[in-house]
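# Fold and contact review
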Amino acid sequence: MATLVLDNGAYTAKIGYSHEKVSVIPNCQFRSKTSRLKTFTANQLDEIKDPSGLFYILPFQKGYLVNWDVQRKVWDHLFGKEMFKVEFADTSIVITEPYFNFTSIQESMNEILFEEYQFQSALRINAGSLTAHRYFQMNPSELCCLVVDSGFSFTHIAPYCRGRKMKDGICRINVGGKLLTNHLKEIISYRQLHVMDETHVINQVKEDVCYVTQDFYKDMEVAQLKGEENTVMRDYVLPDFSSIKKGFCKPREEMVFTGKYKTGEQILRLANERFAVPEMLFHPSDIGIQEMGIPEAIVHSIRSMPEEMQPHFYQNVVVTGGSSLFPGFRERVEREVRALTPADIPVSVLLPPHPICYSWEGGKLLAQNPDYDEMVVTRDDYEENGHFICEEKFDI
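Residues numbered from 1 in each chain as written. Predicted model: local features only at pLDDT ≥ 70, side-chain atom pairs only at ≥ 80, totals over all residues. Heavy atoms only, no water.

Okay, the pairing of strand E15 (residues 234-237) next. Pairing of E15 with strand E17 (residues 267-270), which is carried by four bridges, proceeds in the antiparallel orientation. Looking across to E17, one finds that Tyr236 is bridged to Leu268. Direction of pairing for E15 relative to strand E16 (residues 248-249): antiparallel, over a ladder of two bridges. Counted as the bridge partner of Val237 is Phe248 from E16. (Pairing = 2+ DSSP bridges. Helix = DSSP H or I, 4+ residues; strand = E, 2+ residues; numbered from the N terminus.)

Written as C-alpha cells, this is what we have:
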C-alpha cells in the first residue's frame, strides 16, 4: 500500500510518495504568447521556448480552489504516466487544503478523489497541521507551537497545542507572494518599464533581489544616495530568452553608476523596491490593506490563548511558505515580536532549512505514523456514508 503526499498549494504543488523524495511543481497551466492555443500543464513550463508574456491559468482564486477543470488537468498530469504513475486502487492520499475551507469545495474534493480517481483511502488536512506534526516530532518535549505560513495568497497564523489546532487563535492576513509580485510589477511599470504582462519574469526578480529590511527608514535614506554610496541599489539583467535564459543580478563591481551600459542588455535598476515590497508583509496598511502585519498578528493570536500557554507559543514560532525565504525575514519577525512582548518571556522564531517543503515532510512523517490508518477515510467508508463520514473525520 503506497501513500502519496500532496501539499496542494495555490502556487506550487509539493508531491511525492511517503517513501521517496518530494517534487515541487507549479500548480497551474500556462499559455505562452507565441503558441496561444497550446496549453502547458505544471512542469511542462520548461518546454516553453519563450516564457515572456506568459499567461497563467490558476486553479486557486484568493486562496481557495475554485477552478476544478484546471486542477483536474494538473492532477491528471501529476498522477499520470509521465510523473507518479499512481495505481489508485492501491494508493492512499494525504492532501492539504486551507483553514476553514468552504464545505462545497470539500465535497467536490471528496467526489473527485473517491469517485473519479478512486483512491483506496484519503486524508484531507491543513498544511499547518502537517507543519505542526513535523515540529512536534522533531521537538518531542514541546507542547505548543505557532505555525506562520506565508504562502501565495494568504499568510496564516495558527496556534497548535499537543498536536491539536486551537481554532480561536487562527488568523489570516490577506497578503501573500502573489500580491508582492503584482505590486512589484506595478511599481516597475510606473517607474521604468512596462512589465504588467511579465508575471513570470518579475516573480523571478522578486525572488532574486528583494529582502526584508531591519530598519526601513535607514535603508530608505541609503537608497536615495547617488552613485557608489548607494549600497541598496542593484542592476538586474532581464532575460531575453535567446542568449540570457534567466535574469540575474549584476555583480557590484560590474555596475555602471553614471551613464548607460555599453552592452545591449535590458537593465532594471532597483533601489528602494528591494525592501519596500516585502515590507507589505509587516505593514499591509502601506498599500491600503487595513490589516495587521505578521508580527502584530502573531502577538494577537497568542494573546487569545490561555495565559499559562502563552510563553510556550512565543518560544516555538515556526515560519514556513515561500515568502519566508526573503533574506532577513526571520530576524525581522523575531525582532518585532520581541518588541511587542513582555521582557521576561523569551521569543524564538525558527526558519526550517526547506520552508516550502516543510509541511510536505510533515505529511511524510504522518503517513509513516502507526495511527495513520485510523485517520483516513477509505473508499468503502465513503461509499457507505458519503460526505458525512469525511466531515466527521477530517478536522478542517
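Now for the confidence of the model for the protein chain. Summary statistics for the protein chain give a mean pLDDT of 90 and a share of 100% for residues scoring 70 or more. Across the protein chain, element-level confidence peaks in helix H8 (residues 294-303) with a mean pLDDT of 95 and bottoms out in strand E5 (residues 40-41) with 84. (pLDDT = per-residue confidence, 0-100.)

Now for helix H11 (residues 358-367). Within H11, seven of the 10 residues are buried, leaving the element largely enclosed by the surrounding structure. The set of residues buried in H11 consists of Tyr358, Ser359, Trp360, Gly362, Gly363, Leu366 and Ala367. Here the buried face of H11 lies against strand E1 (2-8), strand E2 (12-17), strand E10 (121-126), helix H3 (127-138), strand E18 (317-320) and helix H12 (372-375). (Buried < 20%, exposed > 50% of the residue type's maximum accessible area, 1.4 Å probe, protein only. Contact = heavy atoms within 4.5 Å.)

What follows concerns unusual backbone geometry. In this model, Gln118 sits at a positive phi of 60°, which is unusual for a non-glycine residue. Here Gln118 lies in the loop between helix H2 (103-116) and E10. Judged by relative accessible area, Gln118 falls into the partly exposed class, the value being 35%. For Arg162, which is not glycine, the phi torsion reads 50° and is therefore positive. For Arg162, the position within the fold is in the loop between strand E12 (155-161) and strand E13 (164-165). Classification of Arg162 as exposed rests on a relative accessible area of 61%.

Right, let's talk about the packing of H8 against helix H10 (residues 329-340) for a bit. Remark: H8 packs on H10, axes separated minimally by 8 Å, with the N-to-C direction vectors making an angle of 50°. As judged from the angle between their axes, H8 and H10 are oblique. Our pair here, H8 against H10, has a crossing hand that is right-handed. Together, Ile294, Pro295, Glu296, Ile298, Val299 and Arg303 of H8 and Phe329, Val333, Glu336, Val337 and Leu340 of H10 make up the contact between the two elements. Its residues placed into classes, the contact of H8 with H10 shows eight nonpolar, no polar and three charged. (Axes fitted to C-alpha atoms, helices over the stretch in contact; angles between N-to-C directions. Parallel < 35°, antiparallel > 145°, perpendicular 65-115°, else oblique. Left-handed = near helix turned anticlockwise from the far one by under 90°. Nonpolar A, V, L, I, M, F, W, Y, C, P; charged D, E, K, R; others polar.)

A few words now on the side chain of Thr155. In this fold, Thr155 is placed in strand E12. A residue is classified by how much of its surface remains accessible, and Thr155, at 0% relative accessible area, is buried. Polar contacts involving the side chain of Thr155 include one to the main-chain carbonyl oxygen of Val175, which spans 2.8 Å. When sequence neighbours within four positions are dropped, the list of residues in contact with Thr155 reads Val148, Asp149, Ser150, Cys171, Arg172, Ile173, Val175, Leu281 and Ile294. (Polar contact = N/O pair within 3.5 Å; in protein donor to acceptor, adjacent residues only side chain to side chain.)

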